[in-house]
Amino acid sequence: MISDIEAIQAALAEARSAAEAGEVPIGAVVLRDGEILARGQNRVLRDNDPTAHAEIVALRAAAAAVGNYRLNGCTLYVTLEPCAMCAGAMIHARLDRLVFAAPDPKAGACGSVLSVLNHPRLNHQMQMEQGLLADEAGELLRGFFRERRSS
């Protein structure tokens, strides 16, 4: 049984791997029954795909693993607050819960800029927690962009 901290640490490992590949360092994992079902990391540049955010990559892998696009009973852990596209996908997947590390004051759709999740007019609601290892996730992103600006 993996704890929330261990799950976010696994997402951070995915984010570091994305950074090594030249992608913005964002990582995600999907848990079901306390075990990692799927992993994802940003693949936008590698796949030439604007939808290949870490969350989408992880959701696609989780859906393939269970043979259903509905991911009831699953929790998504991600290193950065999801954007509107990813939040919408999580609603369609019927996730039970979202846990994210750092807020995204520029594009976050889970309260920072928009509030896509748990909008009162939507038919699916999920638990949401934020801030777990936010400093570590934020520093990973800041360091990545600092390095890009200096090169």
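Here's a quick rundown of the structure. (Residues numbered from 1 in each chain as written. Predicted model: local features only at pLDDT ≥ 70, side-chain atom pairs only at ≥ 80, totals over all residues. Heavy atoms only, no water.)

**A few points about the side chain of Thr79**
Phase 1 of the analysis: With respect to the helices, strands and loops of the structure, Thr79 is situated in strand β3 (residues 74-80).
Phase 2 of the analysis: The class for Thr79 is buried, based on a relative accessible area of 2%.
Phase 3 of the analysis: Look past the residues within four positions of Thr79 in its chain and what remains in contact with it is Ala11, Leu12, Ala15, Pro25, Ile26, Gly27, Ala101, Ala102 and Ala137. (Helix = DSSP H or I, 4+ residues; strand = E, 2+ residues; numbered from the N terminus. Buried < 20%, exposed > 50% of the residue type's maximum accessible area, 1.4 Å probe, protein only. Contact = heavy atoms within 4.5 Å.)

**Examining unusual backbone geometry**
Phase 1 of the analysis: If you check the backbone angles, Arg94 has positive phi at about 60 degrees while not being a glycine.
Phase 2 of the analysis: In this structure, Arg94 sits in the loop between α4 (84-93) and β4 (97-102).
Phase 3 of the analysis: Classification of Arg94 as buried rests on a relative accessible area of 15%.
Phase 4 of the analysis: The phi angle at Leu133 is positive, at roughly 60 degrees, despite the residue not being glycine.
Phase 5 of the analysis: Along the chain, Leu133 falls in the loop between β5 (127-130) and α5 (134-150).

**A closer look at the nonpolar core**
Where a protein is soluble and globular, its nonpolar side chains tend to be buried together.
Phase 1 of the analysis: Within the largest apolar cluster, 36 residues are counted, with the highest numbers of intra-cluster contacts made by Val30, Leu76, Met90, Leu95, Leu98 and Leu117.
Phase 2 of the analysis: Broken down by secondary-structure element, the contributors of at least two residues to this core are α1 (4-20), β1 (27-32), α3 (54-66), β3, α4, β4 and α5.
Phase 3 of the analysis: Contact partners of Met90, with chain neighbours within four places excluded, come to Leu59, Leu76, Pro82, Leu95, Leu98, Leu117 and Met126. (Core = buried A, V, L, I, M, F, W, Y, C linked by side-chain atoms within 4.5 Å.)

By themselves, these are just geometric observations and shouldn't be taken as functional.
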